[in-house]
Each structure stands twice: as C-alpha cells, then as structure tokens.
Amino acid sequence: MPDPSLAAHPFRPLLTIAIPTYNRARCLRELLSGLTDQLKNESRVELIISDNCSPDETPAVVKDFVARGLQVRYIRNATNIGPDANFLQCFEQAQGKYVWLFSDDDLLVPGGIAKIVTYCERADYDLIWLNVYPFEETHTQVSASAFYDAIDISDPKEYAKRIHAYFTFISCNIINKQTVLAAGPKPFSALIGTGLVQLGWTYTALCRYSLGLYISEKLVAGRVNNSGGFSLSQVLGHNLVAITRNWLQPDALGQIVINGMIQRYWPSMLFAYRNFPAGYFKERLEIVLTPLFGDNLRYWMFAYPVAVLPYYLSAAWLFLTRVINRLDRAAGYPTLCWGIATTRPTRG
C-alpha cells in the first residue's frame, strides 16, 4: 500500500539523505562541513539527522550548522532506541523517492551530491550503488570528477554479484522507497537487534528489481576500524546468512550474496583481524565460520586457509585469492554463480 505520509507531500524531494547518529559529534561535524555547501539551494534533496539521544555535543553541532543555513530536519530521540531502530526511523521518516542512509562517520566527496541527483533523475532505479574508498583518521579529500562513470544493470543477479556483502554498508546503497512500499513488505521491525535492519528494505527492493545503477566512481569515503563495537562474526556471519536466506527470493539471489561474502569479503577480514589483537574476534575464526559456510566449497578454497595457515602462508594465500577475484571480476564473476539456477524473479 502507498505510504500516506508520502501522498501528503506531492512535491516531495527526489532524494532523502538520512544520517543516524550517536555520540559522534566530531565525525558528524566533519560530515556536515562537507555537505553544507553542496546542499545550498538544492531543493531536490532532504536532509534528516536522527540523533539517538547522544550524550555528547551533537545537538550543539547541529544547531551550529543550522545557524549557518543548513536545511535539516533534526530528530532527537528521548532515549537511545538502539542503532537498528534508529535506522528504521530514518527510513520511515524519509520523504524522498530515494532514501540514502549515510553513516555519521563516513564522508561524501565534494560535488558528489550534484552528481548523485543527476543519476537519480536519469531513470527509475530500484537500487543505486556508490563505490567507496577507505580512510582512517587522516583523510585526503577527493572531488567528484567531471565524467560520469556508471552502468545500468537490468538483471538482479548481475547486480548482486557486484554488491554481495556490501548490501550491508548503508552509505553505499540508495533505495527506491516507492519500490519497497509497492511490495507490501514484511515488518522491518522484525530485524531490530540483528545489526542489519537495513537489509529489510534493501532486499525488498532487490526482490522486486527491474533496474539498478552501479556507480564505479568513488564518491563515498568510508572510515575504517570504527564499527562501534559490534561483533562482525555474529552480524556479518550468523545474522547476515539468516536474513539473506529468509528475505531474498529466489534462492539464487541469496546464494550469490553468500558466495560473495565467502569469496570476496571474508578472506581479507580474516587476515586483518586474526593478526591484530584489537580486532573484533575473540574466538577462533574457523570455529565461528565453519558451521555457517562449511558446506560451500568456496569457504575451503578462499577463507579457511587464511584463518588457519601460519602468517606468511596466510598472507600468500590472501594474495592468491585477490588475484583470482580480480580475474573473476574481469570475466563477469562466473565463480559466484557455480551451481546456481539461472531463473530470475518476476515482479509481484
């Protein structure tokens, strides 16, 4: 059913940028510093900040930018409702045709909004993906180029092969809210507590997919090593697998996402976090992941050796997996589809 809140706003914006935030005033200030000039006189874009009752100076930061002329709808929760509920609130409050949840610790390159709005106007996309480059505390600013580097993708499996595990990364996924609402979706509140509530509307759009856009240009700067303390093994292991199997139809789409997670995501993560004591994992990695992925040959080929081999052999194995993955990408990701049926979903 159509969302009555949308019907009440016939001149609603094309794009909503919704920033869920908690206790990251310094990061939020840096993000808003880069957005303020880009949003000046940009009526096609709505900005929402959903503050999860931050105990730091977040309200003062927002007030400061409002005084500078930033047009923002600021929502401050009376209590901390948790990250998933705050994400869901952002999605529900968004009035735009397209909804873009953006992490409070990531950054958008100068000129990025104008380019993204142009993309949003180009066609009726169900999903839009934006490429990302990593940074830590020191960020070298990169501006959007004068060229447009993106491709339309009409096959949901081809789209899933490119994104796979990174459907979980909110700052890189723009969702057509009209597509989601037209599906009569299951209640997204069922995913609160998983750390992945955003997959509810993302997967809903993917199940009704007709057209997506993959933007190759790196318009988002993603801050690394700043997860907020959640367990990657739980969230991007058990929870991701369960949600993917329950929410994605046909099964082929879900299997592509899981294959991509095993083959293209976990090898690097396993190497990074097994070798740094401050990592997220307190248990032996193979014990956590083998029950989840042990029936998938890719796990034994790509991920498991990185977890258990001695350091230098593990590094060499990781290098080999990266070479194979680059070749696989150049060939159109055939290895992600081994043993998967070729039927595609139809819009219901």
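Residues numbered from 1 in each chain as written. Predicted model: local features only at pLDDT ≥ 70, side-chain atom pairs only at ≥ 80, totals over all residues. Heavy atoms only, no water.

Peer 1: Got a minute to help me understand the nonpolar core in this structure?
Peer 2: Across soluble globular proteins, you tend to see nonpolar side chains buried next to one another. Residues Tyr-159, Phe-167, Trp-201, Tyr-203, Trp-266 and Phe-293 are the most contacted members of the largest nonpolar core, which totals 65 residues. A per-element tally of this core places helix H10 (residues 251–274) first, with 13 residues. Ignoring any residue separated from it by four or fewer positions in sequence, one finds Phe-293 in contact with Val-241, Ile-258, Met-261, Ile-262, Trp-266 and Tyr-299. Ranked by size, the runner-up nonpolar core spans 39 residues in total, among them Leu-107, Ile-113, Leu-219 and Ala-221. (Core = buried A, V, L, I, M, F, W, Y, C linked by side-chain atoms within 4.5 Å. Buried < 20%, exposed > 50% of the residue type's maximum accessible area, 1.4 Å probe, protein only. Helix = DSSP H or I, 4+ residues; strand = E, 2+ residues; numbered from the N terminus. Contact = heavy atoms within 4.5 Å.)

Peer 1: Sorry, what's going on with the environment of Arg-29 here?
Peer 2: Inspection of the secondary structure assignment puts Arg-29 in helix H2 (residues 25–39). Note on Arg-29: relative accessible area 34%, which makes it partly exposed. With 35 residues separating them along the chain, Arg-29 and Asp-64 place their C-alpha atoms 9.4 Å apart. Apart from the residues lying within four places of it in its own chain, the contact partners of Arg-29 are Val-61, Asp-64, Phe-65 and Arg-68.

Peer 1: Hey, could you run me through unusual backbone geometry in this one?
Peer 2: Across the chain, the bulk of peptide bonds are trans and the bulk of non-glycine residues have phi less than zero. Omega for the bond connecting Gln-249 with Pro-250 falls within 30 degrees of zero, at 0°, which places this linkage in the cis form. Within the secondary structure layout, Pro-250 lies in the loop between helix H9 (232–247) and H10.

Peer 1: Looking at this structure, how should I read empty space enclosed by the protein?
Peer 2: One way to see where empty space is left: roll a probe the size of a water molecule over the atoms. Scanning the entire structure with this criterion turns up one cavity of 30 Å³ or more. The volume enclosed by the largest cavity comes to roughly 60 Å³. Taken together, Val-99, Leu-101, Phe-167, Phe-169, Ile-170, Asn-173, Ile-175, Gln-198, Trp-201 and Thr-202 form the lining of the largest cavity. Of all elements in the fold, only strand S4 (98–101), strand S8 (173–176) and helix H8 (198–207) reach the threshold of two or more residues within the lining of the largest cavity. Top contributing element to the lining of the largest cavity by residue count: H8, with three residues. Of the residues contributing to the lining of the largest cavity, the split by class is seven nonpolar, three polar and no charged. (1 Å grid on protein atoms, 1.4 Å probe; cavity = no way out; pocket = protein on both sides within 12 Å on 5 of 7 lines; lining within 4 Å. Points joined across faces, edges and corners; volume = space filled by probe spheres on them. Nonpolar A, V, L, I, M, F, W, Y, C, P; charged D, E, K, R; others polar.)

Peer 1: Honestly, the packing of H8 against H9 in this entry has me stumped. Any pointers?
Peer 2: The description of two packed helices rests on the angle between their axes and on the distance between the axes. Where H8 contacts H9, the two axes come as close as 10 Å, and the packing angle between them is 35°. For the element pair H8 and H9, the recorded crossing hand is right-handed. Where H8 approaches H9, its residues Leu-199, Gly-200, Tyr-203, Thr-204 and Cys-207 are matched on the opposing element by Leu-240, Ile-243, Thr-244 and Trp-247. By residue class, the composition of the contact of H8 with H9 is six nonpolar, three polar and no charged. (Axes fitted to C-alpha atoms, helices over the stretch in contact; angles between N-to-C directions. Left-handed = near helix turned anticlockwise from the far one by under 90°.)

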